[in-house]
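Summary of the model geometry
Spelled out, the chains give:
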Amino acid sequence: MSVNSNPRIDLQVVADLIPDNAKVLDVGCSDGELLELLRNQKNIDGRGVEISQRGVNECVARGLSVIQGDADTDLVYYPDNSFDYALLSQTLQATRNPRAVLEHLLRIGEHAIVSFPNFGHWSVRTSLFFNGRMPVTKDLPYSWYDTPNIHFCTIRDFVVLCDEVGAKVEKAVAINANGQKMGFSMPWWFWNFFGQQAVFLLRR
Amino acid sequence: MMAVARAKSRKADEANNPSSQVLRFGADKPLILEAGVKLAPFQIAYETYGELNADKSNAVLICHALTGDQYVASTNPVTGKPGWWEVLIGPGKIIDTNRFFVISPNVIGSCLGSTGPASTNPATGKPYGLDLPIITIRDMVRAQAMLVDHFGIDQLFCVIGGSMGGMQVLEWTSTYPDRVFSALPMATGTRHSAQNIAFYEAGRQAVMADPNWRGGKYIEAGVRPEKGLAVARMIAHITYLSEVALHRKFGRNLQDRQKLTFSFDADFQIESYLRHQGMTFVDRFDANSYLYLSRAMDYFDMAADHDGQLAAAFKNTKTRFCVVSFTSDWHFPTEESRALVHALNASGAPVSFVEIETDRGHDAFLLDEPELFSAIGGFVASAARAKGLA
């Protein structure tokens, strides 16, 4: 059981939200898999920010425009409205100040797309409920004291944050443990219980 | 003595009649210097490698560092050594001369064939010495643009350089934004830091304190300020290395001896190494050129040229950038590159930024660094695709 059985399952879900030829900033772009997918499928004009130098070097070797940087400190250097889409995939929970990062995304991009593991998934709840300890699994291998994921949230938590920063949810997609999109008409409590990952399309 | 005299005359010849190709501009085509004066006539020495394609879209310009030269991928006529960037440039190399037309000019102010203080001043028939106006990075780039014009090239596919060469790369993208498709500035910055000015000033003072410098008129006097220039090189060379690399390479090891001599001999290997660096340098470089080029670096400040707004220097740029820094470089630390990257981001330029982990210091850009080569290779390949160079 895990909250994160395939952490990159969200890539295609994100790609489906982005129109052709868009200008895209991917914050926390890792080895550039999503940017490359978007370049090949959607012919986007893409840029990336990645904290690990190894990831950056892989991106540059792939021919992507990526800089080494930290979402918490470096987004301030991007002008308002400089991108059509500002993406943050599977990175929100590792930032020191998720609210500030979200606000920057909404400022830099006309749209923001955020994907994250849902800490409200039933497997997390049962792990905590029955074992009384923070969940540690094959796919979420960190102990509470060494995890880079310092700000986990649930889907409902995130909806509340969007409300607080004045972001409009244009679209939300939850992905279940089998990597399948869950129906759109489900109520939030259902997604919050069965959605393993969530992808939100937002705008100011 | 004969060998020294021969080396000296050969060097004087290289300043006026280089072994490389040379393009001469007459009085009708002056170089207008930032100092507010015209330099005419003047000449620019250069080497080329590979063939310019039919639509003139495959040209790569290489900008050399302070003591570099045009012999980037061919034997240096003064030292007899291989080209200084042959690890990167040549047939089948990352900058493949079977695909690209590589232009490698010697900068104005240098001493290998482009007009500099060792060149003959046509007004006097004697070497310019300090009568040459102060040269800036922008002056070097403007002269290079005249060379590029000579080939009928509108847009360079890529401009590449490290250190002072990186400054020229940045100046190219700022002064001629439409003429640079992609740019690779390495181990550089948009300005010289106070610390860099300080080190170079110490070096210049060492040159000028040498009694043989003679107010810059040493060539006419038939002498050379070798000791001063050697000290300047020793000082600068320390800044090109890192403490870790120095310790790894030399430690406190003694040079050809078992114990300290209780004298000022070069007991330590590092002393012997630095003395060797200084001595070999004076055989290939002109002291006044060293003054002029180090001054050009000191004066470089792109933000100051744009009312303190660095991003304004890259306004509306379409150039694709790949900025490279090295973790152990304290001459141009990564923070300098980061400031550049932030400015490029603010101006919306497509920019990549790679910091290479190495303990080899500033000079790492000249060395065989696999991670550096994979980044450069990826960047150049994708730029070539975007430019339609199959």
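Residues numbered from 1 in each chain as written. Chains lettered and ligands numbered in written order. Predicted model: local features only at pLDDT ≥ 70, side-chain atom pairs only at ≥ 80, totals over all residues. Heavy atoms only, no water.

What follows covers the domain arrangement of chain B. Residues and elements named next belong to chain B. Along its sequence, chain B is organised into domain 1 (2-193 + 305-387) and domain 2 (197-294). Domain 1 puts 35 residues into the contact, and the matching count from domain 2 is 34 residues. Carbon and sulfur atoms make up 62% of the area that domain 1 and domain 2 hide from each other, which totals about 2900 Å². Taken as a group, L66, T67 and W330 account for 22% of the area that domain 1 buries against domain 2, more than any other trio of residues on that side. The tally of links from domain 1 across to domain 2 stands at 1 salt bridge. A salt bridge links D359 to R248, with the nearest nitrogen and oxygen atoms 2.8 Å apart. Summed over the shared surface of domain 1 and domain 2, the result is 13 residue pairs in polar contact (both at pLDDT 80 or more). (Domains from an automatic or database assignment. Contact = heavy atoms within 4.5 Å. Buried area = accessible area lost by both parts, 1.4 Å probe. Salt bridge = Lys/Arg side-chain N within 4 Å of Asp/Glu carboxyl O. Polar contact = N/O pair within 3.5 Å; in protein donor to acceptor, adjacent residues only side chain to side chain.)

The next thing to look at is the packing of aromatic side chains. Counted according to the given criterion, the structure contains 26 aromatic pairs over all chains. For the pair F119(A) and F152(A), a centre-to-centre distance of 4.4 Å together with 10° between the ring planes defines the contact as stacked. Of this pair, F119(A) sits in the loop between β5 (109-117) and α6 (122-131) while F152(A) is found in the loop between α6 and α7 (155-164), placing the two residues 33 residues apart along the sequence. Here F119(A) falls in the buried class, since its relative accessible area comes to 17%. Ring plane angle 75° and centroid distance 5.4 Å describe the contact between F101(B) and F151(B), whose orientation is recorded as edge-to-face. Taken together, the residues F101(B) in strand β8 (residues 101-105) and F151(B) in the loop between α2 (137-150) and β11 (156-162) connect sequence positions 50 residues apart. Given the relative accessible area of 6%, F101(B) is considered buried. What makes F151(B) buried here is its relative accessible area of 17%. (Phe/Tyr/Trp six-rings, centres within 6.5 Å; stacked < 30°, edge-to-face > 60°. Helix = DSSP H or I, 4+ residues; strand = E, 2+ residues; numbered from the N terminus. Buried < 20%, exposed > 50% of the residue type's maximum accessible area, 1.4 Å probe, protein only.)

What follows is about helix α11 (residues 370-387) of chain B. Compared with an ideal rise of 1.5 Å per residue, which puts 18 residues at 26 Å, α11(B) spans 25 Å between its outermost C-alpha atoms and is within 8% of the ideal. Inspection of α11(B) places L372(B), F373(B), A375(B), I376(B), G378(B), F379(B), V380(B), S382(B), A383(B) and A384(B) among the buried residues, and these make up the whole buried set. Residues of α11(B) that are buried sit in contact with α3 (53-61) of chain A together with β7 (95-96), β11, β12 (180-186), β13 (320-326) and β14 (351-356) of chain B. Looking one or two residues beyond α11(B), the residue adopting positive phi is G388(B), at roughly 80°. (Expected span 1.5 Å × (residues − 1).)

All names here are of chain B. Counted residue by residue, β14 has 6 buried out of 6 residues, so it is predominantly covered. Of the two faces of β14, the one holding V351, F353 and E355 and the one holding S352, V354 and I356 are both buried throughout. Pairing between β13 and β14: 6 bridges, direction parallel. Of the residues in β14, the one forming a bridge with V324 is V354. Handedness of the β-α-β unit built from β13, helix α10 (residues 334-346) and β14 comes out right-handed. (Pairing = 2+ DSSP bridges. Right-handed = clockwise from strand over helix to strand, strands pointing away.)

Often, the extent of an interface is quoted as the loss of accessible area upon association of its parts. With 22 residues of chain B at the contact, the number on the chain A side is 19 residues. For the pairing of chain B and chain A, the buried interface totals around 1500 Å² over both sides, and the portion due to carbon and sulfur atoms is 48%. If you sort the residues of chain B by the area they bury against chain A, H342(B), N345(B) and F353(B) come out on top, with a joint share of 29%. Counting across the chain B and chain A interface gives 0 salt bridges. Where chain B meets chain A, there are 9 residue pairs in polar contact (both at pLDDT 80 or more). If you list the elements that add at least two residues to the side of chain B that touches chain A, you get α10, β14 and α11 of chain B.

This part covers the nonpolar core. In globular proteins that are soluble, nonpolar side chains generally tend to be buried together. In this structure, F158(A), L202(A) and W172(B) are the most contacted members of the largest nonpolar core, which totals 112 residues. Among the elements that take part in this core, α2(B) stands out by supplying 8 residues, more than any other. Shared between two domains, this core takes at least three residues from each, and those domains are domain 1 (2-193 + 305-387) and domain 2 (197-294) of chain B. Residue contacts for L202(A): discarding those within four places in its chain leaves L102(A), L106(A), E110(A), H111(A), A112(A), V114(A), F158(A), C162(A), A167(A), K168(A), V169(A) and E170(A). Core analysis: the second largest hydrophobic core is formed by 60 residues, V56(A), I175(A), A187(B) and F379(B) among them. (Core = buried A, V, L, I, M, F, W, Y, C linked by side-chain atoms within 4.5 Å.)

With respect to the helices and strands, P79(A) occurs in the loop between α4 (71-74) and β4 (83-89). Using a relative accessible area of 28% as the deciding quantity, one classes P79(A) as partly exposed. Taking the C-alpha atoms as reference, P79(A) lies 8.1 Å from R107(A); in sequence the two are 28 residues apart. Not counting the four nearest positions on each side in its chain, P79(A) is found in contact with R107(A), I108(A), N345(B) and A346(B).

What follows covers the packing of α2(B) against helix α3 (residues 164-175) of chain B. Residues and elements named next belong to chain B. In contact at an axis separation of 9 Å, α2 and α3 are set at 70° when each is read in the N-to-C sense. Classed by the angle they form, the pair α2 and α3 counts as roughly perpendicular. Crossing of α2 against α3: the hand is right-handed. In this structure, α2 contributes I137, R138, M140, V141, Q144, A145 and V148 to the contact, and α3 contributes M164, M167, Q168, E171, W172 and T175. Along the lines of polarity and charge, the residues of the contact of α2 with α3 split into 8 nonpolar, 3 polar and 2 charged. (Axes fitted to C-alpha atoms, helices over the stretch in contact; angles between N-to-C directions. Parallel < 35°, antiparallel > 145°, perpendicular 65-115°, else oblique. Left-handed = near helix turned anticlockwise from the far one by under 90°. Nonpolar A, V, L, I, M, F, W, Y, C, P; charged D, E, K, R; others polar.)

All right, on to a nonpolar patch on the surface then. A cluster of nonpolar residues, L128(A), M134(A), W144(A) and Y145(A), forms a patch on the protein surface that exposes about 520 Å² of accessible area. The topology assignment puts L128(A) in helix α6. (Patch = residues over 30% accessible without salt bridge, like charges linked within 9 Å, V, L, I, M, F, W, Y side chains within 5 Å. Areas by Shrake-Rupley, 256 points an atom, 1.4 Å probe, with all protein chains shown as cover.)

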